[in-house]
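# Summary of structural features
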Amino acid sequence: MRRIHAGNALSAFGLGFTVPYLYVYVAQVRGLGAMTAGLVLAVFAVAALIVLPLAGRAIVRRGPLPVLLAALVTAALGALSLGLAGAAATVLLSAAALGAGQAVMQPALATMIVDCSTADTRSRAFAVQFFLQNLGLGVGGLIGGHLVDAARASSFTLLFAIEAAVFGLLVGVMATVRTPHSPRIEDAPARKAKGGWKQLLGNRAMVQLCVLGFVLFFACYGQFESGLSAYGVEAAGMSTSALGTALAANTLMIVVAQFAVLRFVERRRRSRVIAAVGLVWAVAWLAAGYAGLGHGGREMATAAFVSTYALFGLGEAMLSPTVAPLVADLAPEGMAGQYNSAFALVKQLALAVGPAVGGPLGASLHAPYIMTFLLFSLGITFLALRMGRGLTLAQDHPWMAARSRVVARGGSPAESVSA
């Protein structure tokens, strides 16, 4: 599990190391223009949407480790070629390889966590994963920003070479992992994989969770660097330094609150925790509305805007030990890879649609923007409570289910708590 967590941190480090600087690299350093730079960012999303359904099949049939190693090699080759590419076609192909590799890492690593954890330890394992991912993204972005110089193309070549080396190092680390045997379909024909998707779509609770997940990612993650930042600049008059402070507040909240809320979250129904996140985010959107539409001074507006990002971070810290373990517990035996890939696909769709909708809305229609996403946040609460009615006790409240099993076997509640 420690090696898997190291893999999560290093993969996030690689993502944060280069992705924030792709636009500058393609448009200015390579002189390929804003259109090509925009296409590169779009290629990342499209590549993920194409490979994730295939990744789910491969993880079920071959196991997560071979799929992860193939993804790491693909991402390393994509990063290395991107740093050397000079023509638009080469840049786009390299970005597709890098985007596809990075997209597949997420469900593969998540499935390995499922294989190496139990229902009792899964929430904590995914909380650690989320913590390390944010730490890796933040450290990668910080170091990458100090290495690059728009006046020197060689600095970007070095940047992408280091990213490729990180993925290469990760291949060596992950190749030594020996996960417990998990049931999977060995040498299954293609029709079995298709049956897996049919089975997934027939799982009402999983479909409800996917719908809920789309709203979660659309209303939060899909707005961070698009609609909400555009709204902050245009409506609230935020400076770039204030935007940076807000993003830092989001990361700081996750780092500080992650393990503080974990014990509280572990002992509550998952559906109610997600419902509470919807209410927290509704307050966040109200704070954003005050920042841009209120009549307070600049200091109050800045404080409210920074609080918006901090409240989003609190909600994220509550979700990390809740949603991913729920996906795993909804999956039939041997199908965790398929379910993780499906949920990752939903996330990618939301992250593609979110900026496209939120960006123009946040920049020009300020009050409708706030009202729209306030309603989406309240919708999260409604969808979560509705989903909870269809979950079993073990799926919705594993801590209580484990306690009930101990009592049924003749143990005491105190023993169940220690367990």
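Figured I'd write up the structure that's included with this text. (Residues numbered from 1 in each chain as written. Predicted model: local features only at pLDDT ≥ 70, side-chain atom pairs only at ≥ 80, totals over all residues. Heavy atoms only, no water.)

### Examining the overall build of the chain
Test applied: Helix and strand labels come from DSSP, where a helix needs a run of H or I of at least four residues and a strand needs a run of E of at least two; each type is numbered from the N terminus. Here the term buried applies to any residue with accessible area under 20% of the maximum for its type, exposed to any over 50%, and partly exposed to those in between, with areas from a 1.4 Å probe on protein chains only. Residues are treated as being in contact if the distance between any of their heavy atoms lies within 4.5 Å. Residue exposure ignores everything except the shown protein chains as possible cover, and the areas themselves are Shrake-Rupley values with a 1.4 Å probe.
Within the chain, the secondary structure is distributed over 19 helices and zero strands. Counting only residues that meet the buried cut, the chain has 51% of its 419 residues in that class. Across the chain, the fraction of contacts at a sequence separation of at least 24, relative to all contacts at a separation of at least 6, is 85%. When the accessible surface of the chain is summed, it comes to about 17,700 Å², and 67% of that surface belongs to carbon and sulfur atoms.

### Topic: helix H12 (residues 270–293)
Note the threshold: To estimate the expected span of a helix, count its residues, drop one, and scale the result by 1.5 Å.
Along its 24 residues, H12 runs 34 Å from first to last C-alpha, staying within 8% of the 34 Å computed at 1.5 Å per residue. Of all 24 residues in H12, 17 are buried; the element is thus mostly enclosed.

### A short note on the environment of Arg124
Looking at the secondary structure, you find Arg124 in helix H6 (residues 122–147). Excluding residues within four positions of it along the chain, Arg124 makes contact with Leu262 and Glu266.

### Some details on the packing of helix H2 (residues 22–29) against helix H3 (residues 33–62)
Note the cut-off: Lines fitted to the C-alpha atoms define the axes, with helices restricted to the stretch that makes contact. Angles between their N-to-C directions range from 0 to 180 degrees. Crossings are assigned a handedness: left-handed for a near helix turned anticlockwise from the far helix by less than a right angle, right-handed for a clockwise turn. Charged means Asp, Glu, Lys or Arg here, nonpolar means Ala, Val, Leu, Ile, Met, Phe, Trp, Tyr, Cys or Pro, and polar covers whatever is left, Gly included.
Packing of H2 against H3 leaves a shortest axis separation of 8 Å and a crossing angle of 145 degrees. The handedness of the crossing between H2 and H3 comes out as right-handed. Every residue of H3 that contacts H2 at Leu22, Tyr23, Val26 and Ala27 is listed here: Gly33, Ala34, Thr36, Ala37, Gly38, Val40, Leu41 and Phe44. Of the residues belonging to the contact of H2 with H3, the class tally is nine nonpolar, three polar and no charged.

### Considering the packing of aromatic side chains
Note the cut-off: The aromatic pairing rule takes the rings of Phe, Tyr and Trp, using the six-membered ring of Trp, and pairs them if the centres are within 6.5 Å, calling planes under 30 degrees apart stacked, those over 60 edge-to-face and the rest tilted.
Inspection of every chain in the model, using the stated rule, returns 15 aromatic pairs. Grouped by ring-pair contacts, the aromatic residues Phe214, Phe218, Tyr231, Trp281, Trp285, Phe312, Tyr369, Phe373 and Phe376 constitute a single cluster.

### A look at the pattern of salt bridges
The condition that has to hold: Think of a salt bridge as a Lys or Arg side-chain nitrogen and an Asp or Glu carboxyl oxygen that are within 4 Å of each other.
In the structure shown here, the tally under the stated rule is three salt bridges. Its salt-bridge partner being Arg122, residue Asp329 comes within 2.8 Å of it at the nearest N-O pair. Linking Asp329 in helix H14 (residues 323–330) with Arg122 in helix H6, this pair joins segments that are 207 residues apart in sequence. Between Arg270 and Asp329 there is a salt bridge, with the nearest N and O atoms lying 2.7 Å from each other. One end of the pair, Arg270, is in helix H12; the other, Asp329, is in helix H14, and 59 residues separate them in sequence. For the pair formed by Arg270 and Asp329, the shared burial category is buried.

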